[in-house]
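This is what each chain is made of:
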Amino acid sequence: MKKTNIKNSPIKTPAKKLAVVTAPNTSLKNKTGSWRTHRPVFDHSLCIGCSLCSKICPEGCIVMAKQKKYGQKIKPVVDYDYCKGCGLCAKECPVKAIKMEKDYE
Amino acid sequence: MTKKIKNNKFLSPGHNACAGCGQLSAAQAVMRGLNKDVIIANATGCLEVTTTAYPQSSWGLPWIHSLFENAAAVASGILAALAQKGDTKTKVIVQAGDGGTYDIGLGLISGMWERGENILYVCYDTEAYSNTGIQASGATPYGASTTTTPDGNASVGSTQRKKDMLAIALAHGVNYAAQSTAGFPDDITAKVKAALAVDGPSYLQILAPCIPGWKINNDEAVLMGKLAVATGLYPLLEYRNGKLSASSITVASRKVAVSEYLKNQGRFRHLKNKEIKIIQKLADDNLKKYRL
Ligand SMILES: Cc1ncc(C[n+]2csc(CCOP(=O)(O)OP(=O)(O)O)c2C)c(N)n1
Ligand code: SF4
Ligand code: SF4
């Protein structure tokens, strides 16, 4: 991992005096997907597009996106870079379209 | 009804909250109720600590953290500065945990409400000081085992009852006071929007199940939020100008027994029938009080 130094740091205020982070959304550098032991796998044919999984994900890493294969209906797409594998989405899906599968060897 | 919802730019992934955290799940719902013209003052606590691991930040909105106890006063200052600049568009919001709200921040919150300032205060109620290892707060309910109220042969866990913070807000005459849980994301978003539409102080308290604090599984925060409502222990409430709005209780309580809620939480697992009956009475009293 690249080390943060004064030059590439997101800190734009005088860093020596004030520890202030001024660059927004910089936690995106922190790929929390490495925490995961199980991954959610979505069955788009079962999904009714209710968006609940996308709303409750604590990471905010499920996006509802139009799917060509399903006549432009919206279906969830996960950013596995950040999904911690908590299983909330799978537990709450009203039609059980999400399965948690082992994500390690 | 389905609507395309975008990945939340206001609260990005890459934060360090526990997998399945009910507080971060609820915070995503709060963010969906905002537009970009806001400034957030955040108290110390899990929401602040997990989203701002130096030198990173998950926030995509103007956001400031100062201390554990003073988020309300920081918000008051921001509001005064905006007024000085003639800015009436930008909304000021406080976010804090239950410790920061019920206990250490209470005096400054009271002052903010006394002055009738147009600030939305959002309390994420994990029912304990989560970030420092689950010490009991004024929001910890009867019977809960925490690190400062451990259960044991001679202890049922916390013997105190949960402070009625909503009543304290109402006693200050706040224009909008509401309660929700992480089990109802759309209710949270709707209440944030309703609170922001009100001119004057508003208070929104959200029950936010905490994985290590409640000793629940990673996938149970939303379920616990739903059960808290269904049992009557934490009803969805909304007061406008001190009056309980009829529309607030849209989720009819199914009168689920409190044991259904308690049994899956490690913090309550030691409870015997005697204590469960006491908690059932708290739920029954709520059902009567709010005519659910
Ligand atoms: C004056 C002061 N006392 C103690 C602390 C240590 N501290 C940091 S976070 C925290 C607990 C926060 O609890 P709560 O407000 O309930 O938020 P949660 O972590 O549960 O979201 C404490 C005690 C502090 N930062 N400042
Ligand atoms: S498993 Fe958890 S973190 Fe991963 S997408 Fe589902 S809700 Fe989000
Ligand atoms: S300790 Fe509790 S409130 Fe804090 S990040 Fe973990 S689950 Fe969330």
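Let me sum up the structure you'll find in this document.

Conventions used here
Residues numbered from 1 in each chain as written. Chains lettered and ligands numbered in written order. Predicted model: local features only at pLDDT ≥ 70, side-chain atom pairs only at ≥ 80, totals over all residues. Heavy atoms only, no water. Near = heavy atom within 4 Å. Polar contact = N/O pair within 3.5 Å; in protein donor to acceptor, adjacent residues only side chain to side chain. Areas by Shrake-Rupley, 256 points an atom, 1.4 Å probe, with all protein chains shown as cover. Nonpolar A, V, L, I, M, F, W, Y, C, P; charged D, E, K, R; others polar. Contact = heavy atoms within 4.5 Å. Buried area = accessible area lost by both parts, 1.4 Å probe. Salt bridge = Lys/Arg side-chain N within 4 Å of Asp/Glu carboxyl O. Helix = DSSP H or I, 4+ residues; strand = E, 2+ residues; numbered from the N terminus. Axes fitted to C-alpha atoms, helices over the stretch in contact; angles between N-to-C directions. Parallel < 35°, antiparallel > 145°, perpendicular 65-115°, else oblique. Left-handed = near helix turned anticlockwise from the far one by under 90°.

Quick notes on the site of ligand 1
Residue and element names in this part refer to chain B.
For step 1, the next point in the chain: Around ligand 1, the surrounding shell holds 17 residues, and the nearest of these are C46, G99, G100, T126 and S130.
For step 2, the next point in the chain: Contact distances for ligand 1 include 3.2 Å between an oxygen atom and a side-chain N or O atom of D98.
For step 3, the next point in the chain: A total of 590 Å² of accessible area belongs to ligand 1 in isolation, and the protein chains cover 74% of it.
For step 4, the next point in the chain: Along the lines of polarity and charge, the residues of the shell around ligand 1 split into five nonpolar, ten polar and two charged.

Brief notes about the interface of chain B and chain A
For step 1, the next point in the chain: At the junction of the two partners, chain B supplies 36 residues and chain A supplies 39 residues.
For step 2, the next point in the chain: When chain B packs against chain A, the two sides together hide about 3100 Å² of surface, and 55% of this comes from carbon and sulfur.
For step 3, the next point in the chain: When the shortest N-O distance is used, the salt bridge between K55 of chain A and D186 of chain B registers 2.9 Å.
For step 4, the next point in the chain: Where chain B meets chain A, there are 20 residue pairs in polar contact (both at pLDDT 80 or more).
For step 5, the next point in the chain: Elements represented by at least two residues in the side of chain B that touches chain A include exactly α1 (22-31), α7 (185-197) and α9 (221-230) of chain B.
For step 6, the next point in the chain: Its residues assigned to classes, the side of chain B that touches chain A shows 14 nonpolar, 14 polar and eight charged.

Topic: the side chain of S12 of chain B
For step 1, the next point in the chain: Note on placement: S12 of chain B falls in the segment before α1.
For step 2, the next point in the chain: Apart from residues lying up to four places away in sequence, S12 of chain B is in contact with N25, S27, L28 and E59 of chain A together with S58 of chain B.

Concerning the packing of α1 of chain B against α7 of chain B
All names here are of chain B.
For step 1, the next point in the chain: Close contact between α1 and α7 brings their axes to 7 Å; oriented N to C, the two are set at 45°. What the angle tells us is that α1 and α7 run oblique. The interaxial crossing formed by α1 with α7 has right-handed handedness. Contacts between α1 and α7 pair A26, A29 and V30 from the former with P185, I188, T189 and V192 from the latter.

Description of the environment of K243 of chain B
For step 1, the next point in the chain: Locating K243 of chain B in the fold gives a position in strand β10 (residues 243-244).
For step 2, the next point in the chain: In this structure the C-alpha to C-alpha distance between K243 of chain B and L170 of chain B, which are 73 residues apart in sequence, comes to 9.4 Å.

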